[in-house]
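Chain and residue survey
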Amino acid sequence: MIHVRARSVGEAWITVLQELVEKGRRGPCQWQDRRAECIWAPLALEITEPLSEPRFHMGGIQVPRLVYTYRQEVLFGLHNEYVGRGWSYAYHQRLFDHPHLGCQVGRMMERLRKVPYTRRAVAVTWDRDDHYSETPPCIMYIWAHVEDGRLDFHCHMRSNDWLKAAMYDIDAMVELMRQMARDLDVEVGAYRHFVDHCHIYLRSDDLRLLEVALKRPDAYLTSDELRRLARAGSL
C-alpha cells in the first residue's frame, strides 16, 4: 500500500505517480468488459493544504478546460440530463439528487451545522443497480468533519486512473470541500483520498504520458496558469 502526505494537489499527484511506478504491482485489471494490464496499489493520501499554489501538475491534465467542465458536472449538475440516456450515473445526481437517498450533501451540511464534530456526515454514490452496471461509479462515498474551525474531507474510491483521471477527481472534490467550508463559515482543512485500486494502464498512449510526466517532476501549474491555458485551448 502506498502512503503519501503532501502539501498541494500537484505535489501529491506527482509523488503518488512516482510511488506507483516504484512500488506498484503489475497485473491484469478489468477495463469496461475487457482485460487490461496495469500497475496498481492501494493508496492512502493526505493533502494538508489542498488550495495551496501551485495547485496542479501538468502531467495529470491532458485537456485544461475539462478541469472546469468536470467541476460544473460535480458541483452544479452540468450534463445530468444524460443520466439514463447513455450515462448510468452522474456524481452530482448521486450526491445532490440520489434516486433513493435524495440530497445527501444537504443532509451532511445539516449534521455538520448541528454537531460539527459528528462522524455521520457521509454521502454515498452507489446504488443497487450499480451491481449490474458495466460503468459503476469510481467514487464510492465522501465524509466530512469539522474540528478547530477547519473542515476535513475524505473521498473514498474503489478505482482511480491516476494518470488520466485523478487530478480531475481530486480537484472536483476539493472544490466541493471549499463550497461546504464556505457555507459552514469554517476554513478548509486537510483533504484525504483513499483508493482501493490506484492504477496506471500499460497502454501505449498512457506510457507516453507517463514518460513525459516522470521527466518533468517540477512541471507545476498555478490556478491562473491553468485558466489561461484552458482559455487558449492548449497545454
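Residues numbered from 1 in each chain as written. Predicted model: local features only at pLDDT ≥ 70, side-chain atom pairs only at ≥ 80, totals over all residues. Heavy atoms only, no water.

1. Some words on the overall build of the protein
To be explicit about the condition: We count a stretch as a helix when DSSP gives it H or I for four or more residues in a row; a strand needs E for two or more, and each element gets its number in order from the N terminus. Only the C-alpha atoms count toward the radius of gyration. The rule for a globule is 2.2 Å times the residue count to the power 0.38. In this description, contact between two residues means that some pair of their heavy atoms is separated by no more than 4.5 Å. In this description, accessible areas are obtained by the Shrake-Rupley approach with a 1.4 Å probe, and a residue is regarded as covered only by the protein chains that are shown. Neither His nor the chain ends is counted toward charge; the positive residues are Lys and Arg and the negative residues Asp and Glu. A charge is said to be at NZ when it belongs to Lys, at CZ for Arg, at CG for Asp and at CD for Glu.
What the protein contains, in helices and strands, is seven helices and nine strands. The C-alpha radius of gyration of the protein comes to 17 Å, within 12% of the 18 Å expected for a compact globule of 235 residues. Projected onto its principal axes, the C-alpha coordinates of the protein cover approximately 50 × 40 × 40 Å. Nonlocal contacts in the protein, meaning residues at least 24 apart in sequence, comprise 70% of its contacts between residues at least 6 apart. On the protein, roughly 11,900 Å² of surface is accessible, and the fraction owed to carbon and sulfur atoms is 49%. Computing the positive centroid from 32 side-chain charges and the negative centroid from 33, the protein places the two 1 Å apart.

2. Examining the nonpolar core
Filter applied, for reference: Definition of nonpolar core: a set of buried residues of the types Ala, Val, Leu, Ile, Met, Phe, Trp, Tyr and Cys, connected through side-chain atoms within 4.5 Å. Remark: exposure states derive from per-residue accessible area (1.4 Å probe, protein chains only) relative to the maximum for the residue type, with buried under 20%, exposed over 50%, and partly exposed in between.
Core analysis: the biggest nonpolar cluster contains 62 residues, and Phe-153, Trp-162 and Met-180 have the highest contact counts within it. Of all the elements, helix 5 (residues 166-184) adds the most residues to this core, at twelve residues. Among the nonpolar cores identified, the runner-up in size contains five residues, and Cys-29, Cys-38, Trp-40 and Tyr-201 belong to it.

3. A look at the pattern of salt bridges
Selection rule: The salt bridge criterion pairs a side-chain nitrogen of Lys or Arg with a carboxyl oxygen of Asp or Glu, the two atoms within 4 Å.
Here the structure, examined in full by the defined rule, presents 18 salt bridges. The partner of Glu-19 in a salt bridge is Lys-23, and the shortest N-O contact between them spans 2.9 Å. Taken together, the positions of Glu-19 and Lys-23, both in helix 1 (residues 9-23) and four residues apart, correspond to about one turn of that helix. Residue classification places Lys-23 among the exposed positions, given a relative accessible area of 51%. Asp-130 is paired through a salt bridge with Arg-94; the nearest N and O atoms lie 2.7 Å apart. In this pair, Asp-130 is assigned in the loop between strand 5 (122-124) and strand 6 (139-147) and Arg-94 in helix 3 (residues 91-96), connecting sequence segments 36 residues apart.

4. Concerning unusual backbone geometry
Omega for the peptide link from Glu-53 to Pro-54 comes to -5°, which places this bond in the cis form. Among the structural elements, Pro-54 can be located in the loop between strand 3 (34-47) and strand 4 (56-57). Here the phi dihedral of Asp-148 falls at roughly 55°; this positive angle occurs in a residue that is not glycine. Among the secondary structure elements, Asp-148 is positioned in the loop between strand 6 and strand 7 (150-161). Taking the relative accessible area as the measure of exposure, Asp-148 reaches 73% and is therefore exposed. The backbone phi angle of Asp-185 is positive, close to 60°, even though this residue is not glycine. Inspection of the secondary structure puts Asp-185 in the loop between helix 5 and strand 8 (187-201). Looking at Asp-185, the relative accessible area reads 70%, which means it is exposed.

5. A short note on helix 5
Along an α-helix, residues three or four positions apart point the same way, because every turn accommodates 3.6 residues. The cut-off we apply is this: Take the number of residues in a helix, subtract one, and multiply by 1.5 Å to get its expected span.
The end-to-end C-alpha separation of helix 5 is 27 Å, in line with the 27 Å expected for 19 residues at 1.5 Å each. A large share of helix 5 lies buried, amounting to 16 of its 19 residues. In the segment just after helix 5, Asp-185 is the residue with positive phi, at about 60°.

6. What about the packing of helix 4 (residues 104-114) against helix 5?
This is how it is decided: Note on definitions: angles span 0 to 180 degrees between N-to-C directions of axes, and those axes are lines fitted to C-alpha atoms, for helices only across the stretch in contact. To sort the angles, those under 35 degrees are grouped as roughly parallel, those over 145 as roughly antiparallel, those from 65 to 115 as roughly perpendicular, and the leftovers as oblique. Note on convention: the crossing is left-handed when the near helix lies turned anticlockwise from the far helix by less than a right angle, right-handed when the turn is clockwise. Residue polarity is assigned by list, with Asp, Glu, Lys and Arg as charged and Ala, Val, Leu, Ile, Met, Phe, Trp, Tyr, Cys and Pro as nonpolar; anything else, Gly included, falls into the polar class.
Between helix 4 and helix 5, the least distance of the axes is 11 Å, while the angle of their chain directions is 40°. The orientation of helix 4 with respect to helix 5, classified from their angle, is oblique. Seen from above, helix 4 lies across helix 5 with right-handed handedness. Along its contact with helix 4, which presents Val-105, Met-108, Met-109, Leu-112 and Arg-113, the element helix 5 presents Met-180, Asp-183 and Leu-184. A per-class count over the contact of helix 4 with helix 5 returns six nonpolar, no polar and two charged.

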